[in-house]
Amino acid sequence: MLRCFLAFAAVGLFVGGALSATPEDMLLYVGIFRNADSAAQYIKAVRWMYTYLNRDVTWESQKLKQALRGGHKLQKALNASKPRPAIRWLLLARLVDHAWQRNMFAFAAGYVIAANFLLRCQSELVDMDFSQLCFDTNATPVTVTLKLPCRKNMPHGATLTRKCICHSYPRLCPVHIFSRLVDATKRAMVGKIFQFSYSAFQNTMRVHLRDLGVEGSQDYSTKAFRRGTAQEMVATGSSLAEVLSAGQWRSAAFLLYLRRADIEEDAVFAAFDQLSDDEEASPGDAAAPHSSSRGAKRVGDVDLGIPSRKKLGTPVDFSLESDAIGDQKRKDKKDKKDKQDKKHKKDKKEKKDKREKKRDSDAVGSPATLAPLALEVAGSDSLTTRAPDRSHALASPVTGGAHSAQAADSDIWPEMFDILCQREDSP
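**Thoughts on the overall build of the protein**
- Scanning the protein from terminus to terminus reveals 18 helices and four strands.
- Counting every atom, the protein has about 24,200 Å² of accessible surface; 55% of that belongs to carbon and sulfur.

**What about the pairing of strand 2 (residues 143–148)?**
- With five of its six residues buried, strand 2 lies for the most part within the structure.
- Where strand 1 (residues 133–136) meets strand 2, four bridges bridge the pair, whose relative direction is antiparallel. By the bridge assignment, Leu133 is partnered in strand 2 with Leu146.
- Counted between consecutive antiparallel strands, the loop separating strand 1 from strand 2 contains six residues.
- By the bridge criterion, six bridges tie strand 2 to strand 3 (residues 158–163) in an arrangement that is antiparallel. Opposite Thr143, over in strand 3, you have Lys163 as the bridge partner.

**Remarks on the packing of helix 1 (residues 2–9) against helix 3 (residues 36–52)**
- At a minimum axis distance of 9 Å, the contact between helix 1 and helix 3 shows a crossing angle of 85 degrees. Here helix 1 is positioned roughly perpendicular relative to helix 3, judged by the angle of their axes. Seen from helix 1, the contacting residues are Leu2, Cys4 and Phe5; seen from helix 3, they are Tyr42, Ala45, Val46, Trp48 and Met49.
- Tallied by class, the residues present in the contact of helix 1 with helix 3 amount to eight nonpolar, no polar and no charged.

**Focus on the confidence of the model for the protein**
- Here the protein shows a mean pLDDT of 75. Residues at 70 or above account for 64%.
- Of all the helices and strands in the protein, helix 17 (residues 382–385) carries the lowest mean pLDDT, 40, while helix 9 (residues 198–211) carries the highest, 96.
- Counting contacts from residues 255–262, a segment whose pLDDT is below 50, to residues more than four positions away or on other chains yields 10 contacts.
- Scored below 50 in pLDDT, residues 281–323 makes 109 contacts in the model with residues more than four places away or belonging to other chains.

**Let's talk about the nonpolar core**
- Counting 52 residues, the largest nonpolar core has Ile87, Leu92, Tyr111, Ile113, Leu119, Leu125 and Phe225 as the members making the most contacts within it.
- Listed by contribution, the elements that provide at least two residues to this core are helix 5 (89–101), helix 6 (105–117), helix 7 (121–125), strand 2, helix 8 (177–185), helix 9 and helix 10 (223–235).
- Sorting elements by how many residues they give to this core places helix 6 first, with 10 residues.
- Residue contacts for Phe225: discarding those within four places in its chain leaves Ile87, Leu92, Leu95, Tyr111, Ala114, Ala115, Cys121, Phe201 and Met205.
- With 21 residues, the next largest nonpolar core counts Phe5, Ala9, Ala39 and Met49 among its residues.

**Describing the environment of Ile193**
- Mapped onto the fold, Ile193 is located in the loop between helix 8 and helix 9.
- For the pair Ile193 and Met128, spaced 65 residues apart in sequence, the C-alpha to C-alpha distance is 6.0 Å.
- Setting aside anything within four residues of it in sequence, one finds Ile193 in contact with Met128, Asp129, Phe130, Leu133, Phe178, Leu181 and Arg187.

**Regarding the pattern of salt bridges**
- One pass over the full model with this rule turns up eight salt bridges.
- A salt bridge links Arg88 to Glu232; the shortest N-O distance between them is 3.0 Å. You can see Arg88 sitting in the loop between helix 4 (62–81) and helix 5 and its partner Glu232 sitting in helix 10, a full 144 residues away along the chain.
- The partner of Glu124 in a salt bridge is Arg151, with the nearest N and O atoms 2.8 Å apart. With a gap of 27 residues between them, Glu124 in helix 7 and Arg151 in the loop between strand 2 and strand 3 connect regions that are remote in the sequence. There is no split in this pair, since Glu124 and Arg151 are both buried.
- Members of the salt-bridge network, linked through shared partners, are Arg120, Glu124 and Arg151.

Conventions adopted
- Residues numbered from 1 in each chain as written.
- Predicted model: local features only at pLDDT ≥ 70, side-chain atom pairs only at ≥ 80, totals over all residues.
- Heavy atoms only, no water.
- Helix = DSSP H or I, 4+ residues; strand = E, 2+ residues; numbered from the N terminus.
- Areas by Shrake-Rupley, 256 points an atom, 1.4 Å probe, with all protein chains shown as cover.
- Buried < 20%, exposed > 50% of the residue type's maximum accessible area, 1.4 Å probe, protein only.
- Pairing = 2+ DSSP bridges.
- Axes fitted to C-alpha atoms, helices over the stretch in contact; angles between N-to-C directions.
- Parallel < 35°, antiparallel > 145°, perpendicular 65-115°, else oblique.
- Contact = heavy atoms within 4.5 Å.
- Nonpolar A, V, L, I, M, F, W, Y, C, P; charged D, E, K, R; others polar.
- pLDDT = per-residue confidence, 0-100.
- Core = buried A, V, L, I, M, F, W, Y, C linked by side-chain atoms within 4.5 Å.
- Salt bridge = Lys/Arg side-chain N within 4 Å of Asp/Glu carboxyl O.

Okay, structure coming up:
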């Protein structure tokens with residue numbers, strides 16, 4: 001980020017220097033960004049540099065804050081309406097076959113490699129060299145390891161390992177695509193792998209998508225390979241942690257998702273898209289790797305079979321899911337949950353009604369509950385002398401059924417009548 005700022009300052013458009021920028025200089029610098037979130041991060045890096053070098057931050061102004069706020073609002077509006085297409089593996093297979101049949105072997109191999117390794121094509125695919133590859137033929141299955149000298153958020157390099165998946169997806173195997181490319185082009189495995197530029201790769205990809213009848217082919221960018229493979233991994237049973245490791249995402253925001261048990265696919269990939277990748281950022285963004293996110297866990301070597309370690313043994317019939325299908329699935333899930341909640345409430349209410357009904361019937365029909373109240377009202381000394389007989393009569397309805405209850409009733413009420421008459425005759 002600092003290299004980007006210093007390179008822009010060296011162009012000579014600044015009124016002040018790199019360490020004495022004016023508010024107008026910073027407004028000019030912000031204008032080169034297409035992503036408002038990236039602009040805010042790069043401005044933060046410049047502020048850090050001024051603080052570290054004990055320079056006065058004289059370029060802070062209300063105009064700059066207003067420009068950044070407006071950029072954030074505009075970015076939200078664009079993200080809400082902008083289509084985010086993904087190249088899932090069914091479409092990827094068609095795309096590779098289409099390029100291979102037209103003898104465009106390098107582009108077909110580029111599609112396979114970009115999807116399997118989840119590469120940022122502009123900074124990681126186009127300049128790939130055969131010296132970055134290491135094949136392990138003793139492993140079962142055979143693996144290939146790609147060493148990147150520098151990667152976004154990982155300026156000291158990264159290592160990606162992928163397994164052979166020829167038994168399930170021979171056309172999309174990340175290991176043998178290199179030998180197929182060498183055999184088709186009649187060249188040795190030395191030097192730069194691809195001879196095309198990034199713009200040629202992206203434009204050719206769009207042309208091939210258009211030839212296949214894909215709607216909105218011009219809206220596809222090379223980021224669609226990363227997004228599509230990540231979605232494919234989730235659809236075939238991979239966990240979010242495996243997806244993050246495969247793409248080596250290190251945003252602290254994704255660590256928050258790992259703590260949730262009810263992760264929804266749409267929410268996860270909406271968060272993926274909030275990250276600024278070099279394909280959809282300014283040239284300055286792509287040239288400078290970001291510093292690592294605070295609180296994020298460092299990701300080491302990745303050893304995942306694509307699309308999923310759970311599905312490698314059995315071919316999977318992948319399908320392109322549209323937004324409408326995704327909405328229908330979420331609606332069905334919500335309807336199912338509502339029915340379960342409604343049934344649970346109904347069962348709970350029925351149990352409660354049964355308990356209340358039973359309690360009411362016991363309170364109204366049982367002499368065992370009525371007799372003590374009547375005896376307490378009577379309040380006679382002679383009551384205590386005959387208490388043992390009454391207790392025996394009162395205990396029997398509980399264990400003796402309806403016949404015992406009738407016997408107890410016939411014994412108690414005449415006794416109560418006699419007691420009350422004695423109280424009226426007494427002086």
